[in-house]
Amino acid sequence: MSIKLGVSPIAWANDDMPELGAETTVETILAEAAAIGFTGVELGGRFPRDAARLGPMLARERLALIGGWWSTHLLAQPLAAEVEALHGHLRLLKALGSSVFIAAECTGAVHGDRGRAMSARPRLDADDWAELGARMSALAAYAAEQGLAFAYHFHLGTVVEDQDDLDRFLDTTTDTVGLVVDTGHAALGGIDATRLIRDHPRRVAHVHAKDVRGDVARRIRAEGRSFLDGVLGGMFTAPGDGDLDFAAVMRALADISYDGWIVEEAEQDPTRADPLTYGRLGFATLKRAAGAAGLAPAPAAMESHR
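Numbering of residues starts from 1 in every chain and runs along the sequence as written. Side-chain atom pairs in this predicted model are given and counted only at pLDDT of 80 or more, local residue features only at pLDDT of at least 70, and totals for whole chains, interfaces and linings cover all residues. Excluding hydrogens and water, the side-chain figures rest on all heavy atoms present in the structure.

Q: Quick question: what am I supposed to make of the nonpolar core here?
A: Inside soluble globular proteins, nonpolar side chains tend to come together where they are buried. Put simply, a nonpolar core is a bunch of buried Ala, Val, Leu, Ile, Met, Phe, Trp, Tyr and Cys residues held in one set by side-chain atoms that sit within 4.5 Å of each other. The rule is simple: take the accessible area with a 1.4 Å probe, protein chains only, and divide by the maximum for that residue type; under 20% is buried, over 50% is exposed, in between is partly exposed. Grouped together as the largest cluster of nonpolar side chains are 73 residues, with contacts concentrated most on Phe101, Phe150, Leu253 and Ile262. Throughout, a contact is declared for two residues whenever any of their heavy atoms are within 4.5 Å. If sequence neighbours within four positions are ignored, Ile262 has contacts with Ile3, Lys4, Leu5, Gly6, Val207, Ala209, Met250, Leu253 and Leu286. If you look at the next biggest cluster of nonpolar residues, it comprises 15 residues, including Met17, Val216, Ile220 and Phe236.

Q: Could you clarify how one ought to interpret the packing of helix α11 (residues 246-255) against helix α12 (residues 275-292) in this entry?
A: For any two helices packed against each other, the geometry comes down to the angle between their axes and how far apart the axes lie. Think of each axis as a best-fit line through the C-alpha atoms, taken over the contacting stretch in the case of a helix, with angles from 0 to 180 degrees between the N-to-C directions. Helix numbers and strand numbers start at the N terminus; a helix is a DSSP run of H or I with at least 4 residues, a strand a run of E with at least 2. The geometry of α11 relative to α12 is characterised by a closest axis approach of 8 Å and an angle of 45 degrees between their N-to-C directions. By the angle between their directions, the pair α11 and α12 is classed as oblique. For the element pair α11 and α12, the recorded crossing hand is right-handed. Between α11, through Phe246, Ala247 and Met250, and α12, the contact on the second element is made entirely by Leu286, Ala289 and Ala290. Our angle categories are set so that under 35 degrees counts as roughly parallel, over 145 as roughly antiparallel, 65 to 115 as roughly perpendicular, and the remainder as oblique. By definition, any crossing whose near helix is turned counterclockwise from its far helix by less than a right angle is left-handed, and any crossing with a clockwise turn is right-handed.

Q: Explain empty space enclosed by the protein to me, please; I cannot follow it from the model alone.
A: Empty space left among the atoms is revealed by rolling a probe the size of a water molecule over them. The rule is simple: put a 1 Å grid over the protein atoms alone, call a set of points where a 1.4 Å probe fits but cannot get out a cavity, call an open set with protein on both sides within 12 Å along at least five of seven lines a pocket, and count a residue as lining if it has an atom within 4 Å of a point. Grid points are joined across faces, edges and corners, and a volume is the space filled by probe spheres set on the points. Per the stated rule, a full pass over the model turns up one cavity of 30 Å³ or more. In this model, the largest cavity occupies a volume close to 80 Å³. Around the largest cavity sit 13 residues that line it, and Ala11, Glu264, Ala266, Pro275 and Tyr278 are the ones nearest its centre. The element best represented in the lining of the largest cavity is α12, accounting for three residues. Of the residues contributing to the lining of the largest cavity, the split by class is eight nonpolar, two polar and three charged. Three residue categories are used. Nonpolar comprises Ala, Val, Leu, Ile, Met, Phe, Trp, Tyr, Cys and Pro, charged comprises Asp, Glu, Lys and Arg, and polar comprises the others, including Gly.

Q: Is there a simple way to explain the side chain of Glu82 in this structure?
A: Topologically, Glu82 is positioned in helix α3 (residues 79-85). The buried charged residue Glu82 lacks any salt bridge, with Arg135 as its nearest oppositely charged partner at 7.9 Å. We call two N or O atoms a polar contact when they sit within 3.5 Å, provided that within protein one can donate a hydrogen and the other can accept it, with sequence-adjacent residues counted only if both atoms are side-chain atoms. Within polar-contact distance, the side chain of Glu82 engages the backbone nitrogen of His73 at 2.7 Å. Among residues more than four places away in sequence, those in contact with Glu82 are Trp70, Ser71, Thr72, His73, Leu74, Gln77 and Leu139. Positive charge is attributed to Lys and Arg, negative charge to Asp and Glu, and no charge count is given to His or to the chain ends. Within this document, salt bridges are pairs made up of a side-chain nitrogen of Lys or Arg and a carboxyl oxygen of Asp or Glu, the two lying within 4 Å of each other.

Q: Help me out: how do you make sense of the pattern of salt bridges in this one?
A: Counted under the stated rule, the structure contains 16 salt bridges. The salt bridge involving Arg213 is made with Asp241; its shortest N-O contact spans 2.7 Å. Taken together, the residues Arg213 in the loop between β9 (211-212) and α9 (214-222) and Asp241 in the loop between β10 (236-237) and α11 connect sequence positions 28 residues apart. Judged by its relative accessible area of 29%, Asp241 is partly exposed. Residues joined in a network through salt bridges with shared partners are Arg121, Glu161, Asp162, Asp165 and Arg221.

Q: Explain the layout of surface pockets to me, please; I cannot follow it from the model alone.
A: Estimates place the volume of the largest pocket at around 400 Å³. Forming the boundary of the largest pocket are 27 residues, of which Ile10, Asp15, Asp16, Trp69 and Glu265 lie nearest the centre. At three residues, helix α10 (residues 227-233) tops the list of elements feeding residues into the lining of the largest pocket. Taken together, the residues of the lining of the largest pocket sort by class into nine nonpolar, eleven polar and seven charged.

Below you can see the structure in the form of structure tokens.
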């Protein structure tokens with residue numbers, strides 16, 4: 001079995017806090033990602049949205065465009081409005097050969113607001129869950145019609161954060177709604193990532209590999225501080241630098257014959273955590289754990305970028 005190792009640009013430049021990595025160019029991000037050994041990169045906020053510009057930049061470094069985050073607001077607007085809003089994003093992903101559409105419901109979310117505690121996140125009642133599930137399932141079906149796997153990202157500070165939320169989400173959505181198994185958000189949200197992988201293999205559409213410093217996260221919560229305070233405080237880090245066992249995660253992925261992308265995503269303050277240094281640590285950790293589990297990293301296809 002083979003997997004593909006990619007990276008998120010969030011270690012270099014944070015979309016929720018543009019001051020982090022403000023001086024770092026897209027060219028630097030792509031060159032360093034390729035130098036580390038990654039074969040793909042997720043879409044960053046400062047990346048060009050013109051395929052004719054972004055495609056050659058990726059091709060120069062032999063990087064695939066894996067996919068990119070989309071904030072849905074399906075609890076605040078009809079499905080038709082959501083589909084209309086995402087057309088440009090979807091067009092770019094398709095033009096550059098992306099395989100996955102990553103989405104998270106962000107109605108009322110607090111993860112991008114440094115002035116609000118993580119505990120202030122939105123919570124849903126039964127009617128809200130039913131509405132969200134139906135609309136998200138329809139959106140996933142639309143993405144599938146467009147040729148992309150739909151991967152829902154549970155996330156701290158949003159409506160799907162903890163195990164109870166995830167259970168309700170899985171109960172109210174169809175199997176077309178895959179998941180981004182994010183190891184860091186799982187751990188800090190009380191979700192067992194390895195159990196999730198084994199219990200819902202058909203839902204595993206994408207993987208984000210981030211490590212956590214649990215002591216930092218507990219302190220941030222105890223002090224009533226925000227998600228972004230947690231990021232600045234170092235509650236996330238690169239695989240191999242925190243509390244998590246990535247060998248166990250890789251074994252679970254091997255057990256379900258996963259052959260998609262595993263993306264290192266470790267947002268930190270780049271002035272305190274050099275992206276190249278931590279990227280290399282994460283890459284080595286993931287490659288070693290994948291190899292031990294019988295998951296061999298494979299090169300990404302580049303044809304669609306040329």
